[in-house]
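# A closer look at the structure
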Number of protein chains: 2
Amino acid sequence: MSFIATPQFMHFEEALPLTSGASIRDYTLAYETYGTLNANRSNAVLVCHALNASHHVAGVYADQPKSEGWWDNMIGPGKPVDTNKFFVIGVNNLGSCFGSTGPMHTHPDTGEVYGSSFPVVTVEDWVNAQARLLDRLGIAQLSVVLGGSLGGMQALSWTLQHPDRMRHAVVVASAPNLTAENIAFNEVARRAIVTDPDFHGGDFYAHNVIPKRGLRIARMIGHITYLSDDVMNEKFGRELRGGIDLKYSTQDIEFQIESYLRHQGEKFSEYFDANTYLLITRALDYFDPARPHGGNLTLALARARAKFLLVSFTTDWRFSPQRSREIVKGLLDNRRDVSYAEIDAPHGHDAFLLDDPRYLSVMASYFDNAAKELSA
Amino acid sequence: MSFIATPQFMHFEEALPLTSGASIRDYTLAYETYGTLNANRSNAVLVCHALNASHHVAGVYADQPKSEGWWDNMIGPGKPVDTNKFFVIGVNNLGSCFGSTGPMHTHPDTGEVYGSSFPVVTVEDWVNAQARLLDRLGIAQLSVVLGGSLGGMQALSWTLQHPDRMRHAVVVASAPNLTAENIAFNEVARRAIVTDPDFHGGDFYAHNVIPKRGLRIARMIGHITYLSDDVMNEKFGRELRGGIDLKYSTQDIEFQIESYLRHQGEKFSEYFDANTYLLITRALDYFDPARPHGGNLTLALARARAKFLLVSFTTDWRFSPQRSREIVKGLLDNRRDVSYAEIDAPHGHDAFLLDDPRYLSVMASYFDNAAKELSA
């Protein structure tokens, strides 16, 4: 059983300018903290979340013993990111559906639910919103900014937008931008949502419906890309759900993998917001720090000052090791201090959330060293 | 400009027993033939088609100069499968929407459109239907049975169901069965179709609508799996459709890859039948000749008597070279005569339809040798 976590909320009246040219004001960020900020405020670790996650990174909620945070295996007392040493901050991004201001909330100007009018947010916007939260918490410089997948993109972007506000960046299972195939999968998921008749152009809240069909399809597609072919074969293979006899039906479930995917889609459609899905996948598509530098990642990374740990997983075909190596190369071109671990794990992209001992030990070592700096 | 092709139709009154236990009677098969059957009826090549294809394998229709068959680069006078030497037969499978009896046709018992009541058909059923067509055409033994992808599964199944009815089998970009990931992609596509409100449980014909939303999503997913990550990056990369300025929109097209996929989905939804999509993806899921042998492919392939050419493509992640090698190994275990070419091509699964010179030259050599047997 893990420690008790308590969500907190910080309200910001002042408008946050966004990359798109729009801005957002009177917004709230949900966050959690674990551990204790030390006297010289130097031991903070900011954890950035990926698509389907939130500020609830570790611990459990009181009286909800099964409510472990999404990175509870990584973060906590005595864990690789040791909350006996670090003050860990999890923050929910703008546009999310888990507590921070999002499309299901009310626009302060109109008094109407945002819906489709919620502004498009980028990784850079999230980072700036997170920086304002750190200002409020009185944290000038982080020990570590940490994230996996889309969270890794935020960690990387932190080192470029606010290069002096962290000593370390830990970027796990991430990429310097999406490939055409990555964008393609996002686009199919978005089309499934947007063309669901219950989407109503994004204003489905007013119609008291949820575009569940689209959300289910989006989640099923996502799930396929989180797992490796190998682990799918090992977990499900061609196993039938109904024993050895085939039903010969195009719509009934025959294979275990179908049952698993339908279940994942169903669960997701019951709690995830459709507009949030569009916003977050778009933020993924847009992220591309090399773009203003003509696609030259080395030039883009010249601003970074942090020390880096990059981690990738051999069977991750969503954000393959090659994508992490591009970041490593760009940093080395700039003579930055980089550690890189390519973990031989069977689980695909999902590996960054799982208990691979080599992975956890690489993370533990890196954070141990970062902790030693604190007492030095 | 290619030669003129003419579709033909053969009607079968007698019921065809199906793997499911059901049967189908009073059905029609659409087919085309190219070249001339020789005097001893030994030069026939049967071409089996994949998901989105038909009996129109090569040539063009009169007065439709752009109507080339789907394998027109492979088959014709002087081409790798040379119709000056071979009598080539293309046949449309049962359940298709391109001419043979399918879900949009009328059930002979009820006089109603089949719709959702069209029987589930398997690769084995298709092969048996094709065998009946050969009986009618007076062809006891093929020179070659040939197919790519799902067509390759049919070619493989021919060698097990009717081992003495061909001298050669050419199996391109295929697999001995689908992986869990393959089934997963099929299942998402089917769910997108089935949950489209315009699907009406498969009986949408009576409602005068088409489940286009679902078909579009299904095709977009399919298309991603036909292409390699590399070729997608080369063809589209992160190129924007609207020049250099971003729109910051979740629904407008930003990237060329989005535009391409939407276009492919749209086109497909205008001509492909939703029930056919379900039937064909299910036939893919079910195909598994090793299943009755406890998953032992070597045991399953013991029945085969043909000589084999297997071809795979290095960047095909849908039916990877490893899957073709499984078939090669199973055949070699049985001391069969097998040639195998693993073509280093960038185009992913789609490569089997494209003009890779090494691929075309492997095919040409193999068919040249098969042709020499005819005159020997």
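An unreviewed UniProt entry annotates chain A as Homoserine O-succinyltransferase originating from Diaphorobacter ruginosibacter. The heading Subcellular location (unreviewed entry) in the UniProt record of chain A holds the text "Cytoplasm". Its UniProt record gives chain A the following Subunit (unreviewed entry) comment, quoted word for word: "Homodimer."

A few words now on the overall build of chain A. A count of helices and strands for chain A gives 10 helices and 12 strands. A globule of 376 residues ought to have a C-alpha radius of gyration of about 21 Å, and chain A, at 21 Å, matches this closely. Along the three orthogonal principal directions, the C-alpha set of chain A runs to about 70 × 50 × 50 Å. Within chain A, contacts between residues at least 6 apart in sequence are counted, and of these 71% link residues at least 24 apart. As displayed, chain A has an accessible area near 13,800 Å², and 49% of this comes from carbon and sulfur atoms. A gap of 4 Å separates the mean positions of the 34 positive and 43 negative side-chain charges of chain A.

Our focus in this paragraph is the nonpolar core. One finds A:L146, A:Y359, B:I75, B:L146 and B:Y359 to be the most contacted residues of the largest nonpolar core, which totals 263 residues. Setting aside anything within four residues of it in sequence, one finds B:I75 in contact with B:F3, B:Y34, B:V47, B:V57, B:A58, B:V81, B:T83, B:V88 and B:L146.

Before going further, it helps to spend a moment on the sheet that holds strand 12 (residues 338-343) of chain B. Residues and elements named next belong to chain B. As summarised here, the arrangement of the eight strands in space is 1-4-8-5-9-10-11-12, forming an open sheet in which the pairing is mixed. A single partner strand is all that each edge strand has here, and the edge strands are strand 1 (8-12) and strand 12. Strand-to-strand, the axes of this sheet are offset by a mean angle of 20 degrees, without reference to chain direction. Across five bridges, strand 1 lies against strand 4 (residues 27-34) in antiparallel orientation. Looking across to strand 4, one finds that Q8 is bridged to Y31. Its contacts with the sheet place helix 2 (residues 150-161) against strand 5 (44-48), strand 9 (142-148), strand 10 (166-172) and strand 11 (307-313), and it is angled at close to 145 degrees to strand 9.

As a further point, take the pairing of strand 12 of chain B. Residues and elements named next belong to chain B. Pairing analysis gives six bridges linking strand 11 to strand 12, with the strands arranged parallel. Along strand 12, the bridge assignment pairs L310 with Y340. Note that the unit made of strand 11, helix 9 (residues 321-333) and strand 12 has a crossover that is right-handed.

Basis of the calculations
Residues numbered from 1 in each chain as written. Chains lettered and ligands numbered in written order. Predicted model: local features only at pLDDT ≥ 70, side-chain atom pairs only at ≥ 80, totals over all residues. Heavy atoms only, no water. UniProt positions renumbered as here; feature names shortened; annotations may be inferred. Helix = DSSP H or I, 4+ residues; strand = E, 2+ residues; numbered from the N terminus. Rg over C-alpha atoms; globule rule 2.2 N^0.38 Å. Contact = heavy atoms within 4.5 Å. Areas by Shrake-Rupley, 256 points an atom, 1.4 Å probe, with all protein chains shown as cover. Lys, Arg positive; Asp, Glu negative; His and termini not counted. Charge placed at Lys NZ, Arg CZ, Asp CG, Glu CD. Core = buried A, V, L, I, M, F, W, Y, C linked by side-chain atoms within 4.5 Å. Buried < 20%, exposed > 50% of the residue type's maximum accessible area, 1.4 Å probe, protein only. Pairing = 2+ DSSP bridges. Axes fitted to C-alpha atoms, helices over the stretch in contact; angles between N-to-C directions. Right-handed = clockwise from strand over helix to strand, strands pointing away.

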